[in-house]
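Structural overview for review
Each chain is listed here by its residues.
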Amino acid sequence: MPVSEVPPGSDYNAFPCHAIHAEHNAILQAGLAACAGATLYVTDEPCRQCLNLIEHAKIARVVVYNDDDSKWPGATPILEPKPKQPGDEDERH
């Protein structure tokens, strides 16, 4: 199916796609060990599938570029580290 036939905003899993999103590519290139605790800067909010990958890679923070500010310092964090709770264990062994 050509990309021109895929409706805008379609679910990433609903149509066959041989490409990967930038977030997925960044995780693959960095490797899981380098992602743990990292901050990921993106130019648009990640789709649900990318958010799943980001959470699995244990990326601690995602910051979305804010066009209104035209600067990264004005960017909006959409995923912040969760405070550790008593009894939480480090899942990495």
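See the structure printed just above.
Residues numbered from 1 in each chain as written. Predicted model: local features only at pLDDT ≥ 70, side-chain atom pairs only at ≥ 80, totals over all residues. Heavy atoms only, no water.

A separate point is the overall build of the protein. A count of helices and strands for the protein gives three helices and three strands. Each helix and strand of the protein, placed in order from N terminus to C terminus, yields the pattern α-α-β-α-β-β. Here the protein holds 93 residues, and the buried ones make up 20% of them. Roughly 7100 Å² of accessible area belongs to the protein as shown, and the carbon and sulfur atoms make up 53% of that amount. (Helix = DSSP H or I, 4+ residues; strand = E, 2+ residues; numbered from the N terminus. Buried < 20%, exposed > 50% of the residue type's maximum accessible area, 1.4 Å probe, protein only. Areas by Shrake-Rupley, 256 points an atom, 1.4 Å probe, with all protein chains shown as cover.)

So, on to the environment of Arg48. The topology assignment puts Arg48 in helix 3 (residues 48–56). A C-alpha to C-alpha distance of 8.8 Å links Arg48 and Asp11, two positions 37 residues apart in sequence. Reaching out from Arg48, the side chain makes a polar contact with the side chain of Asn52 at a distance of 2.9 Å. (Polar contact = N/O pair within 3.5 Å; in protein donor to acceptor, adjacent residues only side chain to side chain.)

On to the pairing of strand 2 (residues 61–64). As paired strands, strand 1 (residues 39–42) and strand 2 are joined by four bridges and run parallel to one another. Following the sheet pairing, Val42 is matched in strand 2 by Val64. Chirality of the crossover, the property in question, places the unit of strand 1, helix 3 and strand 2 among those that are right-handed. (Pairing = 2+ DSSP bridges. Right-handed = clockwise from strand over helix to strand, strands pointing away.)

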